[in-house]
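Each chain is listed here by its residues.
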Amino acid sequence: MIELCQAVEPGGVSVVRASAAFDHPNVLGTFLIGILPAALFFMLHRGSHQSRILSGGAAIAIIIALVYTFSRSAWLGGLVGVSLVVLPLRWSWSRIAGVVVGGLVLAVILLPPEAKQVLLNRTGTAQPYDSGRLYSWHTAGSMIAAHPLLGVGPGMFHHRYAAYADKSEVYKQNPLHHMDAHNTFLDLAAEGGLPVCLAFVALMVAALIHLVGAADLWQARGPTISLGIPLLAGCV
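Residues numbered from 1 in each chain as written. Predicted model: local features only at pLDDT ≥ 70, side-chain atom pairs only at ≥ 80, totals over all residues. Heavy atoms only, no water.

For the protein chain, the average pLDDT comes to 76, and 67% of its residues sit at 70 or higher. Across the protein chain, element-level confidence peaks in helix α8 (residues 184–192) with a mean pLDDT of 93 and bottoms out in strand β1 (residues 5–9) with 41. Taken as a whole, residues 1–11 scores under 50 in pLDDT and shows 23 contacts with residues more than four places along the chain or in a different chain. (pLDDT = per-residue confidence, 0-100. Helix = DSSP H or I, 4+ residues; strand = E, 2+ residues; numbered from the N terminus. Contact = heavy atoms within 4.5 Å.)

Next up, the structure:
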């Protein structure tokens, strides 16, 4: 079990977010939301009774790990990915709800008291570092306004940050906030220009439309052929 609550400091609680073998908790979260629908699939449709129980246990473990990433984007991605696939395909919502609720309850129970407070704050209130992200978004907007077609260049957000940020705040924020815009759409528009961002949006919209329409595969070709649908939905 990953030690989540590293220390209690005078200014607050230092929490180590789960990242496993990945370089960032958000990356682990992306991996988990890709495999969670597959675990639910095998729990409902494949193997013996014992293997389905094991798959359900794996889904609960994935949900616990997903909570421990403390990644709000991964939480939303997991919710959207599972909902977009499970609802059209009419999976057993009662069993899925039981697994999800069980995983969430266990995740909260296993957290140290101090980490529970951090989790509550992260889900309900703005954090001090959120102001740094607002500055990053504002700076990304300035880059887009100055270079709407070509952007400032791929991977150049951090290097060009000082040139476009308000001088009153650029040196007061944590440099980690300047590595990117903390928003995929703003990142793409700031570094590659609005055409690149619009192309990405069009790709996502097309993928989501096809995913919703792919429910027909479930009836036409069976659940095994459709297993790739929840995996793709989680990634999108």
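Attention now goes to helix α7 (residues 157–164). When we look at burial in α7, the residues that qualify are F157, Y161 and Y164. Relative to the axis of α7, the buried residues are bounded by an arc of 90° and lie together on one face. Opposite the buried face of α7, by more than 90 degrees, sit the exposed residues H159 and A163. (Buried < 20%, exposed > 50% of the residue type's maximum accessible area, 1.4 Å probe, protein only. Arc of directions from axis to C-beta.)

Roughly 360 Å³ of volume is contained in the second largest pocket. Around the second largest pocket, the lining comprises 16 residues; the ones closest to its centre are L36, W75, G78, L79 and V100. Those elements that provide at least two residues to the lining of the second largest pocket are α1 (25–45), α2 (49–68), α3 (72–89) and α4 (93–110). No other element matches the six residues that α3 contributes to the lining of the second largest pocket. Across the lining of the second largest pocket, the residue classes tally to 14 nonpolar, two polar and no charged. (1 Å grid on protein atoms, 1.4 Å probe; cavity = no way out; pocket = protein on both sides within 12 Å on 5 of 7 lines; lining within 4 Å. Points joined across faces, edges and corners; volume = space filled by probe spheres on them. Nonpolar A, V, L, I, M, F, W, Y, C, P; charged D, E, K, R; others polar.)

Interhelical geometry of α2 versus α4 gives an angle of 50° and a closest axis separation of 8 Å. The angle between α2 and α4 places the two elements in the oblique class. Crossing of α2 against α4: the hand is right-handed. Taking contact as the criterion, the partners of R52, G56, A59, I60, I63, I64, V67 and Y68 in α2 are, on α4, R95, V99, V100, G103, L104, L106, A107 and L110. Tallied by class, the residues present in the contact of α2 with α4 amount to twelve nonpolar, two polar and two charged. (Axes fitted to C-alpha atoms, helices over the stretch in contact; angles between N-to-C directions. Parallel < 35°, antiparallel > 145°, perpendicular 65-115°, else oblique. Left-handed = near helix turned anticlockwise from the far one by under 90°.)

This part takes up the nonpolar core. One finds L36, L40, A59, Y68 and V99 to be the most contacted residues of the largest nonpolar core, which totals 25 residues. If you list the elements that add at least two residues to this core, you get α1, α2, α3, α4 and α5 (113–124). Among the elements that make up this core, the one with the highest residue count is α1 (eight residues). Ignoring anything within four residues of it in the chain, the contact list for A59 reads L36, A39, L40 and V99. One finds A140, Y161, A181 and C197 within the second-largest nonpolar core, a separate group that totals twelve residues. (Core = buried A, V, L, I, M, F, W, Y, C linked by side-chain atoms within 4.5 Å.)

The next thing to look at is the side chain of E191. Relative to the helices and strands, E191 is located in helix α8. No salt bridge is formed by the buried E191; its nearest oppositely charged neighbour, R160, is found at 11 Å. For E191, the contacting residues outside a window of four places in its chain are L150, G151, V152, G153, P154, G155, M156 and F157. (Lys, Arg positive; Asp, Glu negative; His and termini not counted. Salt bridge = Lys/Arg side-chain N within 4 Å of Asp/Glu carboxyl O.)

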